[in-house]
Amino acid sequence: MTEITKDPSSVLEELGVTAVRLDLPFRLNHVNCFIAEGEQGTTVIDTGLNNEYTRGQWKELLEGRDVSEILVTHYHPDHFGYVGGLQQVTGARVTMSEIDAKAGAEAWQEEFIDALPVHYKASGIPEETTAQMIKNLRSFQPLVNPLPEVTRLFKEGETVRIGNFDYEVIFTPGHSDGMVCFFNHEHSVLFSADHILPKITPNISYWFHGNDNPLGSYFEALKKMKRFDAQTVIPSHGKPFAGANKRIDELLHHHDERLEETLQAIAEPRTVHATCEILFQRELSVHETRFAIGESLAHLEFLRHAGACERENKDGIWYYVKK
Ligand SMILES: [Zn+2]
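Calculation rules
Along every chain, residues carry numbers that run from 1 in the direction the sequence is written. Owing to the predicted nature of the model, reporting of local features is limited to residues with pLDDT of at least 70; listing and counting of side-chain atom pairs is limited to 80 or more, with chain, interface and lining totals taken over all residues. Neither water nor hydrogens contribute to the side-chain values; these are computed over all heavy atoms in the structure. Relative accessibility under 20% of the residue-type maximum defines a buried residue, over 50% an exposed one, and the middle range a partly exposed one, all with a 1.4 Å probe and only protein chains included. The way it works is that DSSP assigns letters per residue, a run of H or I at least four long becomes a helix, a run of E at least two long becomes a strand, and they are numbered from the N terminus. Paired strands, as defined in this entry, are two strands with at least two bridges between them according to DSSP. Clockwise travel from the first strand over the helix to the second, with the strands pointing away from the viewer, marks a crossover as right-handed. Ring pairs are drawn from Phe, Tyr and Trp, using the six-membered ring of Trp, whenever the two centres fall within 6.5 Å, and their geometry is named by plane angle: stacked under 30 degrees, edge-to-face over 60, tilted for the rest. A ring is considered to have a charge above it if a Lys NZ or an Arg CZ atom is located within 6 Å of its centre and within 35 degrees of its normal.

Section: the pairing of strand β10 (residues 189-193)
Of all five residues in β10, five are buried; the element is thus mostly enclosed. Bridge analysis of strand β9 (residues 180-184) against β10 gives three bridges, and the strand direction is antiparallel. Bridging across to β10, F183 finds its partner in L190. Connecting β9 to the next strand, β10, in antiparallel fashion are four residues, including S188 with a positive phi near 55°. Examined bridge by bridge, β10 and strand β11 (residues 232-235) share four bridges and lie parallel to one another. Residue pairing in the sheet places F191 in a bridge with I234 of β11. The β-α-β motif built from β10, the intervening helix α9 (residues 214-226) and the parallel element β11 has right-handed crossover chirality.

Now the structure itself:
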């Protein structure tokens with residue numbers, strides 16, 4: 001991966017954008033949020049989790065500023081968690097995609113969480129692991145509440161003003177169904193959210209709601225993104241880097257390999273959980289297990305949609321097998 005040779009922050013500087021790196025209590029230990037100052041006031045992109053640390057950081061960073069806009073790339077807690085809280089403090093408008101506004105409003109509600117054990121059971125996950133995973137999911141509730149009042153919805157291809165520059169809004173489903181990226185044509189700079197990351201591959205999971213073939217959508221979105229040929233990428237995790245298209249090719253290649261491994265894993269009929277254990281042969285925390293299950297399922301469902309495998313229900317449990 002080539003990181004840009006000049007100080008990466010200089011690209012941001014040209015655009016009048018300040019990167020805010022917030023710590024996260026996970027293996028993925030930080031998230032990048034952004035502040036841009038423009039004629040119409042201050043725009044914030046993403047906010048981190050709602051916890052004491054985050055609240056303190058924003059209080060300091062936004063001291064004396066008039067925040068008029070909060071733009072949300074997607075509904076995951078590390079990006080969306082404090083949006084509602086910051087909106088209450090600042091009175092800012094909140095814009096996100098319709099799909100993720102809905103997902104954010106639903107994903108941590110009891111009704112949704114209550115439905116999960118059935119799905120986990122159907123995935124062959126042991127009861128004890130299910131209980132731990134549900135507990136882990138519940139631990140996010142205080143980190144994403146209060147929910148924001150979404151005042152505006154992004155439209156694909158529209159132009160938004162961030163600081164003193166215009167950006168095209170690009171819909172990039174995959175990592176979440178309603179994720180958006182922002183592209184500035186003049187400087188060929190892409191705020192890539194979690195669509196393209198420099199060191200890690202974005203997690204593409206099926207979470208038992210929404211689009212059941214997120215990996216298929218992700219591939220489409222990566223190919224669409226290639227047409228922009230972004231020269232500088234500002235990701236939500238990790239450092240800015242040069243050349244979106246090179247990284248896109250690497251990500252596509254990674255998933256090709258992963259799909260091949262998945263196919264090999266289901267030479268015999270296997271549950272999602274059993275497939276996951278073959279694909280992830282290392283000790284995983286409960287939090288990581290949730291992601292690993294989601295990712296295994298996304299690969300299995302991609303293969304099923306592509307006609308490469310089939311799935312059979314035996315006594316309420318799904319088994320996938322290569323065709
Ligand atoms: Zn993220």
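Once the structure has been displayed, the description carries forward.
Looking at the packing of aromatic side chains
Here the structure, examined in full by the defined rule, presents ten aromatic pairs. On the basis of an interplanar angle of 90° and a centroid distance of 5.3 Å, the ring pair of W207 and F291 is categorised as edge-to-face. Residue W207 is located in the loop between β10 and α9, and its partner F291 is located in helix α12 (residues 286-305); the two are separated by 84 residues in the primary sequence. Residue W207 is classed as buried on the basis of its relative accessible area, which comes to 17%. Through a chain of ring-to-ring contacts, three or more aromatic side chains come together here, namely F34, Y167 and F191. Its end group placed over the ring of W318, R311 keeps NZ or CZ at 3.7 Å from the ring centre. Across from the ring centre of Y319, 5.0 Å away, lies the NZ or CZ of K314, which sits over that ring.

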